[in-house]
Amino acid sequence: MNNKEYVRSIAIIDTCNFTKIAIESVCQQISKNILVLRFNSVQDLIQYPQRSQIDLVFYDTLTTSSVIIDPELDIKKIRESINGVKICIFSILHQFMSIKSADYEIDKRLSFEDFNFFTRVLCQDDGERCKRNYSVVFYDRINLSKEQVSLLRGYLLNLNTKNIADILQCNLRKVYFYREGTLRKGKLRENFYKDIGRLINP
């Protein structure tokens, strides 16, 4: 590690082992002194006793077991638990919604070589590092709400409209409102119905 690199400890919140292996491999190429920690959920990270030592978190909200996603709330919990931590959303969720409170966002479809490059950028010190809201994404956002994305996840998991209403804690009319808004935005995208499958299988 050269003297411009500041990251000493990285956390990965993701249930995909291939993602964890890839990030660990890149970090080891940057420096063998970087400690890489694996977690399956935000809650696991928050309960980790040495969490205050973590400098950077890679997180994919879509790998949560819950139908409902709320990345802004998740990021808030992480920040409240770890002072000064930087958070990179490493996901395909950017294609569907904006996550304003993340420091960085990187599309999971990025090649390994490109991911290696951008991770090195993220590991530089504050003076050299990329600025807040640095993004490496492949598609223009559809700009769905967290409720609309959660609704799509529910339908993809074969839940019926009543089940989804219960999970979202709203009435059926509200669910239909979310659905119509989602379809209205989605029909403008050529591969929308193909792409939404990645909301449960990123």
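Quick notes on the rules
- Residues numbered from 1 in each chain as written.
- Predicted model: local features only at pLDDT ≥ 70, side-chain atom pairs only at ≥ 80, totals over all residues.
- Heavy atoms only, no water.
- Helix = DSSP H or I, 4+ residues; strand = E, 2+ residues; numbered from the N terminus.
- Buried < 20%, exposed > 50% of the residue type's maximum accessible area, 1.4 Å probe, protein only.
- Contact = heavy atoms within 4.5 Å.
- Areas by Shrake-Rupley, 256 points an atom, 1.4 Å probe, with all protein chains shown as cover.
- pLDDT = per-residue confidence, 0-100.
- Axes fitted to C-alpha atoms, helices over the stretch in contact; angles between N-to-C directions.
- Parallel < 35°, antiparallel > 145°, perpendicular 65-115°, else oblique.
- Left-handed = near helix turned anticlockwise from the far one by under 90°.
- Nonpolar A, V, L, I, M, F, W, Y, C, P; charged D, E, K, R; others polar.
- Pairing = 2+ DSSP bridges.
- Right-handed = clockwise from strand over helix to strand, strands pointing away.
- Salt bridge = Lys/Arg side-chain N within 4 Å of Asp/Glu carboxyl O.
- 1 Å grid on protein atoms, 1.4 Å probe; cavity = no way out; pocket = protein on both sides within 12 Å on 5 of 7 lines; lining within 4 Å.
- Points joined across faces, edges and corners; volume = space filled by probe spheres on them.

Enquirer: Would you mind going over the overall build of the protein with me for this structure?
Expert: Counting its regular elements, the protein contains eight helices and six strands. Reading the protein from its N terminus to its C terminus gives the helix and strand order β-α-β-α-β-α-β-β-α-β-α-α-α-α. Relative to its full complement of 202 residues, the protein shows a buried share of 47%. Pairs at least 24 apart in sequence give 70% of the contacts found in the protein among residues at least 6 apart. Surface summary for the protein: the accessible area is close to 10,600 Å², and the carbon and sulfur share equals 48%.

Enquirer: Looking at this model, I keep getting lost on the confidence of the model for the protein. Mind explaining?
Expert: Note: predicted coordinates in regions of low pLDDT should not be interpreted at a detailed level. Scored by pLDDT, the protein comes out at a mean of 87, with 90% of its residues at no less than 70. Scored below 50 in pLDDT, residues 127-133 makes 20 contacts in the model with residues more than four places away or belonging to other chains.

Enquirer: Hey, could you run me through the packing of helix α1 (residues 17-30) against helix α4 (residues 112-122) in this one?
Expert: A packed helix pair is summarised by two numbers, namely the angle formed by the two axes and the spacing between the axes. Contact pair α1 / α4: the axes reach a minimum separation of 10 Å and the direction vectors enclose 55 degrees. Of the possible angle classes, the one that applies to α1 and α4 is oblique. Once α1 is placed against α4, the crossing between them reads as right-handed. Across the interface between the two elements, A22, I23, S25, V26, Q29 and I30 of α1 pack against F112, F115, N116, T119 and R120 of α4. A class-by-class count of the residues in the contact of α1 with α4 yields six nonpolar, four polar and one charged.

Enquirer: Explain the pairing of strand β2 (residues 35-39) here, please?
Expert: Side-chain positions along a regular strand alternate between the two faces of the sheet. Note that strand β1 (residues 9-13) and β2 share five bridges and pair parallel. If you follow A11 over to β2, its bridge partner there is L37. In the classification by handedness, the crossover that spans β1, the intervening α1 and the parallel β2 is right-handed.

Enquirer: How should I be thinking about the pattern of salt bridges in this particular structure?
Expert: Note that side chains of opposite charge can pair when their charged atoms are close. By the definition in use, this model includes seven salt bridges. Linking D60 and K108 is a salt bridge whose minimum nitrogen-to-oxygen distance equals 2.8 Å. Of the two residues, D60 sits in the loop between β3 (56-59) and α3 (71-81) while K108 sits in the loop between β5 (104-107) and α4, which places them 48 residues apart along the sequence. Owing to a relative accessible area of 0%, D60 belongs among the buried residues under this scheme. Judged by relative accessible area, which is 15%, K108 ranks as buried. Residue D103 is joined to R79 by a salt bridge in which the shortest nitrogen-to-oxygen separation is 3.0 Å. Here R79 lies in helix α3 and D103 lies in the loop between β4 (86-91) and β5, a separation of 24 residues in the sequence.

Enquirer: Quick question: what am I supposed to make of the layout of surface pockets here?
Expert: Considered as a void within the structure, the largest pocket measures approximately 280 Å³ in volume. Residue lining of the largest pocket: 19 residues in total, with V42, Y59, T64, D74 and K77 positioned closest to the centre. Breaking the lining of the largest pocket down by element, the ones donating at least two residues are α2 (42-46) and α3. Residue contributions to the lining of the largest pocket peak at three residues, all from α3. Looking at side-chain class alone, the lining of the largest pocket contains six nonpolar, nine polar and four charged residues.

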